[in-house]
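Inside the fold
Residue-level listing of the chains:
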Amino acid sequence: MLNKEIYQADQDTAWCPGCGNLPLRNVLADVLAELELSPTDVAMFTGIGQAAKMVHYIKVNGLNGLHGRALPPALGMRIANHKLKVIVESGDGDTYGEGGNHLLHNIRRNPDIAHFVHNNQIYGLTKGQASPTTEEGTTTTVQPNGITAKPFNPIKFAVAMEASFVARGFVGNQEQLKELMKEALNHRGYALIDILQPCVSFNKLNTYQWYSKRVYQLDEQYDPTDYQAALQKAEEWGDNIPTGVIYRNERPIFRDKFPQLDDNTPLVEKEINPKELSELVDEFK
Ligand SMILES: Cc1ncc(C[n+]2csc(CCOP(=O)(O)OP(=O)(O)O)c2C)c(N)n1
Ligand code: SF4
């Protein structure tokens, strides 16, 4: 096992004391160390938001891009160098709001990407506006009469799209979260973990206590390969919120569909033939 101090970035976090992002970062560092992934073995992609700051606070290769746009460059990295572990860290707004379109097409393509969504059911960075997962009826500074839209159910959406790995974790259960992240990183294909991560400053409803009273771990009787059972599980929310692997569906990954990508030499290491390249460029002139 590697020493987790190697992922320690050279700057303090700007996260509030008590923020659920802090234990999440801790678990991630444990996971990378236990999987013996050195900082140069990993590439992390983020958009905008509190969750997206993770790339500044953990020392691996990284790109901090536009709101909702972490998946496209992550897929680009997957194509260029499949030897790296590719991680996306994003908030619920970043993923299910601004980035919703990318999420759905990514599920269809099924590249090897481990996607850790910090779901605090609010826009944290911009100070507490509703996100797609905010509970109906919640009042915020810009929605003083309460949210009228039905919340988005990311688990049900991903299961219905037959995503290849769909899980829910909770930062209040770090042991389980660690195992889920390890499974996601070792999974062949796209692995989505929706992680319940309290925003202690702006979400006064979905607090640690609120989640702790409701979450329960799926037991061994539960079969995540059963599509109908997973759809039913995905409906559970409210008094009982299941955590664990909700759906697993082994299917061909992005690279399998492109023979030119599916060999052991990553594109980035392949020799470029300048003559062939200039002929190709000429075709576009
Ligand atoms: C296209 C675009 N729309 C809106 C914003 C403003 N904005 C920045 S962060 C943010 C919300 C982030 O919330 P979330 O993704 O849930 O992450 P959190 O901060 O809660 O971790 C918004 C709306 C932006 N930067 N770009
Ligand atoms: S505003 Fe919320 S999400 Fe952002 S750092 Fe503070 S507690 Fe965390």
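Let me sum up the structure you'll find in this document. (Residues numbered from 1 in each chain as written. Chains lettered and ligands numbered in written order. Predicted model: local features only at pLDDT ≥ 70, side-chain atom pairs only at ≥ 80, totals over all residues. Heavy atoms only, no water.)

Looking at the side chain of Asp-94
Threshold: Only DSSP runs of H or I reaching four residues or more are called helices, and only runs of E reaching two or more are called strands; each is numbered from the N terminus. The cut-offs for exposure are 20% and 50% of the maximum accessible area for each residue type, with area from a 1.4 Å probe on protein chains only; residues under the lower value are buried, those over the upper are exposed, and the others partly exposed. When charges are counted, Lys and Arg are positive and Asp and Glu negative, with His and the chain ends excluded. Criterion for a salt bridge: a side-chain nitrogen of Lys or Arg within 4 Å of a carboxyl oxygen of Asp or Glu. What qualifies as a polar contact is a pair of N or O atoms within 3.5 Å, subject to a donor-acceptor requirement within protein and to the restriction that residues adjacent in sequence count only when both atoms come from side chains. The contact criterion used is simple: two residues touch if any of their non-hydrogen atoms lie within 4.5 Å.
Looking at where Asp-94 falls in the secondary structure, it is placed in helix 4 (residues 92-98). The buried charged residue Asp-94 lacks any salt bridge partner; its closest oppositely charged side chain belongs to Arg-69, at an N-O distance of 6.8 Å. Within the structure, the side chain of Asp-94 is placed 2.8 Å from the side chain of His-67, a separation counted as a polar contact. Beyond its immediate sequence surroundings of up to four residues, Asp-94 is in contact with Gly-47, Ile-48, His-67, Gly-68 and Gly-99.

Some remarks on unusual backbone geometry
Phi angles above zero are rare outside glycine, and Asn-110 is one such case at about 60°. Summarising the element assignment, Asn-110 is placed in the loop between helix 5 (100-109) and strand 4 (114-119). Accessibility expressed as a relative area gives 0% for Asn-110, which makes it buried.

A short note on the site of ligand 1
As a reminder, the rule being used: We call a residue near a molecule or strand as soon as one heavy atom of that residue lies within 4 Å of the molecule or strand. Each accessible area is a Shrake-Rupley estimate made with a 1.4 Å probe; only the visible protein chains count as cover when residues are assessed. Amino acids outside the nonpolar list (Ala, Val, Leu, Ile, Met, Phe, Trp, Tyr, Cys, Pro) and the charged list (Asp, Glu, Lys, Arg) are all regarded as polar, and Gly is one of them.
Near ligand 1, the surroundings consist of 16 residues, among which Gln-50, Gly-93, Asp-94, Gly-124 and Leu-125 are the closest. The backbone of Gln-50 places a nitrogen or oxygen atom 2.8 Å from an oxygen atom of ligand 1. For ligand 1, the accessible surface in isolation is 590 Å², of which the surrounding protein chains cover 73%. No other element matches the four residues that helix 4 contributes to the shell around ligand 1. Here the residues of the shell around ligand 1 are counted per class, giving five nonpolar, eight polar and three charged.

A closer look at the packing of helix 3 (residues 71-80) against helix 5
Between two packed helices, the angle of one axis relative to the other and the distance separating the axes together describe the packing. We apply this condition: Note on method: axes are straight lines fitted to C-alpha atoms, helices fitted across the in-contact stretch only, with angles between N-to-C directions ranging 0 to 180 degrees. Any angle that is under 35 degrees is reported as roughly parallel, and any over 145 degrees as roughly antiparallel; angles of 65 to 115 degrees are reported as roughly perpendicular and all others as oblique.
Remark: helix 3 packs on helix 5, axes separated minimally by 10 Å, with the N-to-C direction vectors making an angle of 25°. Comparing their axes, helix 5 and helix 3 come out roughly parallel. In this structure, helix 3 contributes Leu-71, Pro-72 and Leu-75 to the contact, and helix 5 contributes His-102, Leu-103, Asn-106 and Arg-109. Of the residues belonging to the contact of helix 3 with helix 5, the class tally is four nonpolar, two polar and one charged.

Here we look at the packing of helix 1 (residues 21-34) against helix 7 (residues 174-186)
What counts here: Helix crossings get a hand from a simple test, with the near helix turned counterclockwise from the far one by less than a right angle marking a left-handed crossing and a clockwise turn marking a right-handed one.
Where helix 1 meets helix 7, the axes come as close as 9 Å, and the angle between the chain directions of the two elements is 50°. Between helix 1 and helix 7, the angle is such that the two are oblique. Crossing handedness for the pair helix 1 and helix 7: right-handed. Two secondary-structure elements touch here, helix 1 through Pro-23, Leu-24, Asn-26, Val-27, Leu-28, Asp-30, Val-31, Leu-32 and Glu-34 and helix 7 through Gln-174, Leu-177, Lys-178, Met-181, Lys-182 and Leu-185. In terms of residue class, the contact of helix 1 with helix 7 is made up of nine nonpolar, two polar and four charged.

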